[in-house]
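Each chain, letter by letter, is given below.
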Amino acid sequence: MTDLEKVFNQLVQENSEKLYWHVRRFVNSHEDADDLLQEIFLKIWTALPSFRGEAQLSTWAWRIATNETLNWLRREKVRAALRFSSVDAEMERRIQADPYFNGTAAQRELAKAVAKLPEKQRQVFIMRWWDELSYEEISAITGTSVGSLKASYHIAQEKVRQYMDPE
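All values reported here derive from a predicted model rather than from experimental measurement.

A. View of the packing of helix H5 (residues 105–115) against helix H6 (residues 119–130). Contact geometry for H5 and H6: axes closest at 9 Å, N-to-C directions at 145°. For the pair H5 and H6, contact is made by Leu110, Ala111, Val114 and Ala115 and by Arg122, Phe125, Ile126, Trp129 and Trp130, respectively. Class assignment for the residues of the contact of H5 with H6 results in eight nonpolar, no polar and one charged.

B. Quick peek at the nonpolar core. Val27, Ile40, Ile44, Val114, Phe125 and Val160 are the most contacted members of the largest nonpolar core, which totals 39 residues. Going through the elements one at a time, helix H1 (3–27), helix H2 (30–47), helix H3 (57–82), H5, H6, helix H7 (135–142) and helix H8 (146–164) are the ones with two or more residues in this core. With residues near it in sequence (within four places) discarded, isoleucine 44 still touches Phe8, Leu11, Trp60, Ala61 and Ile64.

C. Focus on the packing of aromatic side chains. One pass over the structure, following the stated rule, counts eight aromatic pairs. Both rings, one in phenylalanine 125 and one in tryptophan 129, keep their centres 5.7 Å apart while their planes meet at 15°; by these two values the pair is stacked. With phenylalanine 125 and tryptophan 129 both in helix H6 and four residues apart, the pair spans about one turn of that helix. A relative accessible area of 2% places phenylalanine 125 in the buried class. Take tryptophan 129: its relative accessible area is 43%, and that puts it in the partly exposed class. An aromatic cluster is built from Phe125, Trp129, Trp130, Tyr135 and Tyr153, whose rings are joined through pairwise contacts. Sitting over the ring of tyrosine 135, arginine 128 keeps its end group 4.3 Å from the ring centre.

What counts and how
Residues numbered from 1 in each chain as written. Predicted model: local features only at pLDDT ≥ 70, side-chain atom pairs only at ≥ 80, totals over all residues. Heavy atoms only, no water. Axes fitted to C-alpha atoms, helices over the stretch in contact; angles between N-to-C directions. Helix = DSSP H or I, 4+ residues; strand = E, 2+ residues; numbered from the N terminus. Contact = heavy atoms within 4.5 Å. Nonpolar A, V, L, I, M, F, W, Y, C, P; charged D, E, K, R; others polar. Core = buried A, V, L, I, M, F, W, Y, C linked by side-chain atoms within 4.5 Å. Buried < 20%, exposed > 50% of the residue type's maximum accessible area, 1.4 Å probe, protein only. Phe/Tyr/Trp six-rings, centres within 6.5 Å; stacked < 30°, edge-to-face > 60°. Lys NZ or Arg CZ within 6 Å of the ring centre and 35° of its normal.

Geometry only, nothing functional implied.
Listed below in structure tokens is the structure:
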């Protein structure tokens, strides 16, 4: 086994579950998250020889996972437009129909609320709330300033709160 294979195997072993849940919270489907995670690890494997070490390997992998997931969501928006349907409605349907969802009704409603957030707010909310990443870690992954992330997270929290309790 080469050093590159060892590094990749360790990266997969240490990050696959966290990355799966990170992706799943965006796409709201076990099957889509599984497929996307395979594509992400393939992209990481392909790009690994060009990794320059300017960031931690795990941060680099999270950045790739996040970018690939956001690209997938953008493609879904185009597909939804071609079907004359709403991405929000499709995401809500996926949350409702997901046979692998094992949370409470409140957790399902929270997932629906988060799915309605604009892309940047959804991204920071998922990474901060569910993935429990620090603002500094999110900044390294997204290339966004800590101040901007804090503002986006605060706005996202308020929108989620309003959705969950409209009164």
